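Working through the structure, step by step
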Amino acid sequence: MDQRFELPGFSGTLFHPDHADYDASRKVYNGMIDRRPAVIARCSSAADVVLAVNLAQAKGLTLSVFGGGHAVTGTAVCDGGICVDLRGMKRIDIDPAAKTCRAEAGMNWGEFDAATTARGLAMTGGRNPTTGIAGLTVGSGSGWLERKFGYVCDNLIKAEVVTADGRQVIASDTENPDLFWGLRGGGGNFGVVTAFHFRLYDLPPAILGGVLLYPAPMAGAVLKNFRDFMQTAPDEVSGGMVFTTAPDAPFVPPPARGQPVAMLQLVYAGDPEEGARVLASLRAFGPPAADLLQPTPYTVLQTQGGNFPGTQNYWTADFLSQLPDEAIDAYAKLALTPISPQSAIIIVAGGGAPSRVAEEATAFGMRTAPWNVHYICAWTDPADNAKNIERVKAAASVLKPWATGRVYLNYIGDEGQARIEGSFGAEKLARLRALKTKWDPQNFFRHNQNIRPA
Ligand SMILES: Cc1cc2nc3c(=O)[nH]c(=O)nc-3n(C[C@H](O)[C@H](O)[C@H](O)COP(=O)(O)OP(=O)(O)OC[C@H]3O[C@@H](n4cnc5c(N)ncnc54)[C@H](O)[C@@H]3O)c2cc1C
């Protein structure tokens, strides 16, 4: 029989394999992942996290950290070890005068956005309400407000962290600034963050956002126009082009329902009337089969992406250095043949606030790429895995000639150590490895996109 680990003094809930909620608690977004921790420790405080870390260290057990369970790598759960589950820690305190908040690490973006917008404030956040704030933030954090407000990690003021040796420390510009640097893009390699302190911004109750929907054969022409538009677009505009399958829904014009489509997904982070003026030329182009841009609460816009928890997921991504016509002509063909109805390929425009932060200011590996392409491929039948994974890899090969060689780590599954290390570049990788050697010399936090100690 498996060893049963107990945690004297633990104030949260322990889910052992015989617990009625064990199976539900070990499920992650990617249905390909089926791991069985010896115990899932749903923590209710930083002190609980310390207990779990100390137990794993004492027993030589693997430790995984579960924020929202959305990483397609499935690293939130481990086999046979301790899963530090933060979903019992969801307190948020907002200071409207200072426009800051302290959010515990078990919150997801739906919970975070609901709390901040209730006070008329917002920050860049993940484009899906059930994604955890924790994994997304330590991986940098891209979202629809980023060109205006920066990446999520650019808005981190301070983090409360439990280290590999079970200490509780603060990471900020003034306390442990090296750790603070590493937490902004270096992933879960340096400790377990128990709370994040973020800057917040005023945002109107409704902002202009939504999609312009085109038949898939128009993908190339629309993407070229969008590329040219984004060259001079103000920071308020964030957006990307999505190749996907239109849902069979009333808002989709009947000929497009269930068909491959190319959608421009757009957000104007400011006054909606000004947004309508700025986006007028994009809306006129084509014209789109459906113009679904309208003033919408930010929390509603945040629910408009695909969400298929439990499906089989294979994702990959690339930062691009440029997007010439030749690249678009080749890439646009992918719009015609979606991998599955649940799949999407999205190319997001860079620039704006994140590109003006100094490259060396954070661990995040690539700020200046004008485009980030993300293959978000999902399907329902595991029997299709081998065939579909090959199809995704073939699709992703089309834009490789224009890829920077760097990748946004939040957007990929397990593609091997070289891909992780390559995402930072040699100089930053050396700095990250030195940091790892200082904060986690035994590589205790290794069930992640791992940075090895020097
Ligand atoms: C539907 C969907 C939409 C997404 N949209 C976006 C998007 O718009 N922008 C974007 O940037 N990414 C997006 N992602 C990717 C997402 O950022 C990553 O999957 C991220 O890891 C999810 O965070 P999580 O807390 O849910 O992760 P988990 O799977 O719980 O954790 C992943 C890893 O993060 C680390 N980690 C988690 N919690 C902590 C902690 N408290 N302290 C230290 N390390 C920790 C650990 O290494 C862990 O293995 C999306 C993913 C999905 C499934």
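As the structure is a computational prediction, the values presented were derived from the model and not from experiment.

Further remarks concern the pattern of salt bridges. Tallied over the full model, the rule gives 30 salt bridges. The partner of Glu104 in a salt bridge is Arg102, and the shortest N-O contact between them spans 3.9 Å. Since its relative accessible area comes to 22%, Arg102 is described here as partly exposed. The partner of Lys393 in a salt bridge is Glu390, and the shortest N-O contact between them spans 4.0 Å. In this pair, Lys393 and Glu390 are both assigned in helix α11 (residues 385–397), three residues apart and thus about one turn of the helix distant. Glu390 sits in the partly exposed class, given a relative accessible area of 48%.

Lining the immediate environment of the ligand, one finds 33 residues, of which Gly67, Gly69, Thr75, Ser142 and Tyr408 sit closest. Contact between the ligand and Gly67: an oxygen atom at 2.7 Å from a main-chain N or O atom of the residue. Here Val193 contributes a backbone N or O atom positioned 2.9 Å from a nitrogen atom of the ligand. A total of 950 Å² of accessible area belongs to the ligand in isolation, and the protein chains cover 95% of it. Of all the secondary structure elements, the ones that give two or more residues to the shell around the ligand are β3 (63–66), α4 (133–138) and β10 (192–199). Looking at the shell around the ligand element by element, the count peaks at four residues for α4. Within the shell around the ligand, the residues separate by chemical class into 15 nonpolar, 17 polar and one charged.

When you line up the elements, Ser343 lands in the loop between α10 (325–332) and β18 (344–349). Within the structure, Ser343 has its side chain in polar contact with the side chain of Ser340 (distance 2.8 Å). At 3.1 Å, the side chain of Ser343 and the backbone nitrogen of Ala378 are in polar contact. When near neighbours in sequence (up to four residues on either side) are disregarded, Ser343 contacts Phe243, Thr244, Thr245, Ile376, Cys377 and Ala378.

As recorded in UniProt, the sites labelled "domain: FAD-binding PCMH-type" (unreviewed entry) are residues 32–203. For residues 32–203, the helix share is 23%, the strand share is 26%, and the end-to-end C-alpha distance is 38 Å.

Taken domain by domain, the protein chain consists of domain 1 (13–88), domain 2 (92–203) and domain 3 (207–411). Each of domain 1 and domain 2 was reduced to a C-alpha centroid, and the two centroids are 21 Å apart. Residue-level contacts link twelve residues of domain 1 with 16 residues of domain 2. For the pair domain 1 and domain 2, the summed buried surface comes to about 1100 Å²; carbon and sulfur atoms form 65% of the total. Its largest share of buried area at the contact with domain 2, domain 1 owes to Val50, His70 and Leu86, together 38% of the area lost on that side. For the interface between domain 1 and domain 2, the tally reads zero salt bridges. For the pair domain 1 and domain 2, the interface holds three residue pairs in polar contact (both at pLDDT 80 or more). Considering each element in turn, the side of domain 1 that touches domain 2 owes the most residues, six residues, to helix α2 (residues 46–59). Partitioned by chemical class, the residues of the side of domain 1 that touches domain 2 number six nonpolar, five polar and one charged.

A complete count under the given rule lists 13 aromatic pairs for this structure. Connected via pairs of aromatic rings, a cluster forms that spans Tyr151, Phe319, Phe364, Tyr408 and Tyr411. The side chain of Arg87 reaches across the aromatic face of Phe66, ending 3.7 Å from its centre. One cation-aromatic arrangement involves Arg184 over Phe180; the distance from NZ or CZ to the ring centre is 3.8 Å.

A few words now on the sheet that holds strand β9 (residues 168–172). Across the sheet, five strands lie side by side as β5-β6-β10-β8-β9; this open sheet has antiparallel pairing. Edge positions in the sheet fall to β5 (92–95) and β9, since each has one partner strand and no second. Strand after strand, the sheet turns through a mean of 15° between neighbouring axes, direction not considered. Bridge analysis of strand β8 (residues 156–162) against β9 gives five bridges, and the strand direction is antiparallel. Each residue of the ladder has a partner; that of Lys158, found in β9, is Ser172.

What follows deals with the side chain of Arg26. Secondary-structure assignment places Arg26 in the loop between α1 (22–25) and β2 (39–42). One polar contact links Arg26 to Asp23, side chain to side chain, over a distance of 2.8 Å. The contacts of Arg26, once residues within four sequence positions are left out, are Asp34, Arg35, Arg36, Pro37, Ile40 and Val77.

What counts as what
Residues numbered from 1 in each chain as written. Predicted model: local features only at pLDDT ≥ 70, side-chain atom pairs only at ≥ 80, totals over all residues. Heavy atoms only, no water. Salt bridge = Lys/Arg side-chain N within 4 Å of Asp/Glu carboxyl O. Buried < 20%, exposed > 50% of the residue type's maximum accessible area, 1.4 Å probe, protein only. Helix = DSSP H or I, 4+ residues; strand = E, 2+ residues; numbered from the N terminus. Near = heavy atom within 4 Å. Polar contact = N/O pair within 3.5 Å; in protein donor to acceptor, adjacent residues only side chain to side chain. Areas by Shrake-Rupley, 256 points an atom, 1.4 Å probe, with all protein chains shown as cover. Nonpolar A, V, L, I, M, F, W, Y, C, P; charged D, E, K, R; others polar. Contact = heavy atoms within 4.5 Å. UniProt positions renumbered as here; feature names shortened; annotations may be inferred. Domains from an automatic or database assignment. Buried area = accessible area lost by both parts, 1.4 Å probe. Phe/Tyr/Trp six-rings, centres within 6.5 Å; stacked < 30°, edge-to-face > 60°. Lys NZ or Arg CZ within 6 Å of the ring centre and 35° of its normal. Pairing = 2+ DSSP bridges. Axes fitted to C-alpha atoms, helices over the stretch in contact; angles between N-to-C directions.

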